[in-house]
Amino acid sequence: MSGALPPLQGGCLCGQLRYEATPTHRDGYYCHCRMCQLAFGNTRAAYFNLRKDQVRWLNDPPTYYVSSKIARRGFCGRCGTPLSFEFLDGENIDLSVGSLDAPGALRPTEHFAVESRVAGWHVDDGLPGSRLDSNEKIAQRWRAAYGDAEPGLNTVRGAGSIGPSATPPKDSA
Ligand SMILES: [Zn+2]
Ligand SMILES: [Zn+2]
């Protein structure tokens, strides 16, 4: 932990959205879950994790896709660059490594959601991996939001919305 690291800057492809991030580390990770694969249009997503109050959007905030009742994904509404992922009830946020001005400032340290990793598109790099479906914290969030419904894409596909947060359906509407 060092508060002396310089801030990182990044933004989207078209340049409309810019951010400054002040993580106290230089570690990133890969997420191989199906929802990140679709959100990024890629075989995996690369993120770094930091506190929400360590991110400052310099122009406008991103557009958010509320991808489930428990999380939202920030992107540029003009050019589509994926920028962030966050649990609504968490104090942390993930930013996409590729949106950094200098992605090489970070190093990958682990793989997440390895049960959906696409084998033919993965070269073993010796980094440790863990499964999404054995992450108890996420399972608890999921059960609180969806009860017994199957975790992941099959339950939420088609149900997401554009918005600042996951607003539960109104009882009266
Ligand atoms: Zn853009
Ligand atoms: Zn993911």
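Since the structure is predicted, the reported quantities are computational estimates derived from the model, not experimental observations. (Residues numbered from 1 in each chain as written. Chains lettered and ligands numbered in written order. Predicted model: local features only at pLDDT ≥ 70, side-chain atom pairs only at ≥ 80, totals over all residues.)

1. Looking at the overall build of the protein
Broken down by element type, the protein carries three helices and 12 strands. Relative to the globule expectation of 16 Å for 173 residues, the C-alpha radius of gyration of the protein, 16 Å, shows essentially globular dimensions. In terms of overall dimensions, the protein has a C-alpha envelope of 50 × 40 × 30 Å along the principal axes. Restricting the contact set of the protein to residue pairs at least 6 apart, pairs at least 24 apart contribute 57%. (Helix = DSSP H or I, 4+ residues; strand = E, 2+ residues; numbered from the N terminus. Rg over C-alpha atoms; globule rule 2.2 N^0.38 Å. Contact = placed C-beta atoms within 7 Å.)

2. Some points on the sheet that holds strand 11 (residues 129-130)
Overall, mixed pairing links the nine strands, which are arranged 11-10-3-4-9-8-7-6-12 in an open sheet. For this open sheet the edge positions go to strand 11 and strand 12 (161-162), each flanked by a neighbour on one side alone. (Pairing = 2+ DSSP bridges.)

3. A word on the nonpolar core
Counting 29 residues, the largest nonpolar core has Cys31, Ala45 and Tyr47 as its most contacted members. Of all the secondary-structure elements, those providing two or more residues to this core are strand 3 (27-31), helix 1 (34-40), strand 4 (45-51), strand 7 (71-75), strand 8 (82-87) and strand 9 (92-96). At four residues, the largest contribution of residues to this core is made by strand 4. In this structure Cys31 touches Cys36, Arg44, Ala45, Tyr47, Phe112 and Ala113, once residues within four positions along its chain are discounted. (Core = buried A, V, L, I, M, F, W, Y, C linked by C-beta atoms within 7 Å. Buried ≥ 20, exposed ≤ 12 C-beta atoms within 10 Å, placed from the backbone.)

4. As for the confidence of the model for the protein
Taken as a whole, the protein shows an average pLDDT of 91; of its residues, 92% reach a score of 70 or greater. Long-range and interchain partners of residues 166-170, a stretch whose pLDDT sits below 50, account for five contacts in this model, where long-range means more than four residues apart. (pLDDT = per-residue confidence, 0-100.)

5. Notes on the pairing of strand 4
Every regular strand shows the same layout, with side chains that alternate between the two sheet faces. Strand direction decides the pairing type here: strand 3 and strand 4, joined by three bridges, are antiparallel. Bridge pairing in strand 4 links Tyr30 to Ala46. With five bridges joining them, strand 4 and strand 9 adopt antiparallel strand pairing. Residue pairing for strand 9: Phe48 is matched across the bridge by Leu95.

6. Let's talk about the sheet that holds strand 1 (residues 8-11)
Strands in a sheet are paired, the pairing made by backbone hydrogen bonds, and the direction either parallel or antiparallel. Judged by pairing direction, the sheet is antiparallel, and its three strands sit side by side in the order 1-2-5 without closing on themselves. In this open sheet, the two edge strands, each paired with only one partner strand, are strand 1 and strand 5 (55-57). Each adjacent strand pair in this sheet contributes to an overall mean axis angle of 20°, direction not counted. Sheet topology note: the strand 1/strand 2 (residues 18-21) ladder contains four bridges and is antiparallel. If you follow Gln9 over to strand 2, its bridge partner there is Glu20. (Axes fitted to C-alpha atoms, helices over the stretch in contact; angles between N-to-C directions.)

7. A short note on the environment of Leu100
Looking at the element boundaries, Leu100 is found in the loop between strand 9 and strand 10 (107-112). For Leu100, a count of 20 C-beta atoms within 10 Å translates into the label buried. Sequence spacing of Leu100 and Gly11 is 89 residues, and the spatial spacing of their C-alpha atoms is 6.4 Å. For Leu100, the residues in contact, after removing those within four places along its chain, are Leu8, Gly10 and Ala105.

8. Details of the pairing of strand 10
Relative to strand 10, strand 3 runs parallel, the two being bridged by five bridges. Within strand 10, the residue paired with Tyr29 across the bridge is Glu110. When strand 10 meets strand 11, the two strands line up parallel, connected through two bridges. Bridge pairing in strand 11 places Phe112 opposite Ser130.

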